[in-house]
Amino acid sequence: MKSIKNGFASAVESAKLGDGVTPYTLRHSRITHQVMSPKVKLWDIAAAAGTSEAMIRKHYGHWAPDHLDDAVNAR
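Predicted model only: the values in this text are computed from it and were never measured.

Colleague: Hey, could you run me through the overall build of the protein chain in this one?
Modeller: Helix and strand counts for the protein chain stand at five helices and zero strands. Seen in sequence order, the protein chain has helices and strands lined up from the N terminus as α-α-α-α-α. On C-alpha atoms alone, the protein chain measures out to a radius of gyration of 16 Å, which is more than a quarter above the 11 Å that the 2.2 N^0.38 rule sets for 75 residues. Here the protein chain holds 75 residues, and the buried ones make up 17% of them. Sequence-distant contacts in the protein chain: of pairs separated by 6 or more residues, those separated by 24 or more amount to 37%. Accessible surface, the protein chain: about 5,900 Å² in total, of which carbon and sulfur atoms supply 57%. Side chains of the protein chain carry 10 positive and 7 negative charges; the gap between the two charge centres is 6 Å.

Colleague: Would you mind showing me how to read the environment of Pro65 here?
Modeller: The residue Pro65 is located in the loop between helix H4 (53-60) and helix H5 (69-73) in this model. When the C-alpha positions of Pro65 and Phe8 are compared, they lie 32 Å apart, and in sequence the two are 57 residues distant.

Colleague: What should I look at first to understand the nonpolar core in this one?
Modeller: It is characteristic of soluble globular proteins that their nonpolar side chains tend to be buried jointly. If you look at the biggest cluster of nonpolar residues, it comprises nine residues: Ile31, Val35, Leu42, Ile45, Ala46, Ala49, Ile56, Tyr60 and Ala64. For this core, the secondary-structure elements that each account for two or more residues are helix H2 (23-36), helix H3 (42-49) and H4. Element by element, the count of residues in this core is highest for H3, at four residues. Setting aside chain neighbours within four positions, we find Ala46 in contact with Thr51, Ser52, Glu53 and Ile56.

Colleague: Sorry, what's going on with the side chain of Thr32 here?
Modeller: By the secondary structure assignment, Thr32 is in helix H2. Each residue touching Thr32, except ones within four places of it in the same chain, is listed here: Tyr60 and Trp63.

Calculation notes
Residues numbered from 1 in each chain as written. Predicted model: local features only at pLDDT ≥ 70, side-chain atom pairs only at ≥ 80, totals over all residues. Heavy atoms only, no water. Helix = DSSP H or I, 4+ residues; strand = E, 2+ residues; numbered from the N terminus. Rg over C-alpha atoms; globule rule 2.2 N^0.38 Å. Buried < 20%, exposed > 50% of the residue type's maximum accessible area, 1.4 Å probe, protein only. Contact = heavy atoms within 4.5 Å. Areas by Shrake-Rupley, 256 points an atom, 1.4 Å probe, with all protein chains shown as cover. Lys, Arg positive; Asp, Glu negative; His and termini not counted. Charge placed at Lys NZ, Arg CZ, Asp CG, Glu CD. Core = buried A, V, L, I, M, F, W, Y, C linked by side-chain atoms within 4.5 Å.

Next up, the structure:
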């Protein structure tokens with residue numbers, strides 16, 4: 001386990017990502033950016049993240065470019 005932590009710390013330092021970057025930080029950023037892209041489907045993001053589409057929608061859905069379309073277009 002120590003070699004994984006050392007390897008990750010070395011990669012963070014080499015990439016100049018700064019203090020406080022964790023594997024969770026990178027996972028969160030990746031999912032957020034994928035959800036923001038209209039080209040990536042939520043179920044594909046969920047599959048790549050190893051979770052459910054419902055979890056992606058609940059925690060990251062507000063980043064989707066069309067998430068308020070129904071409210072804005074309601075008459």
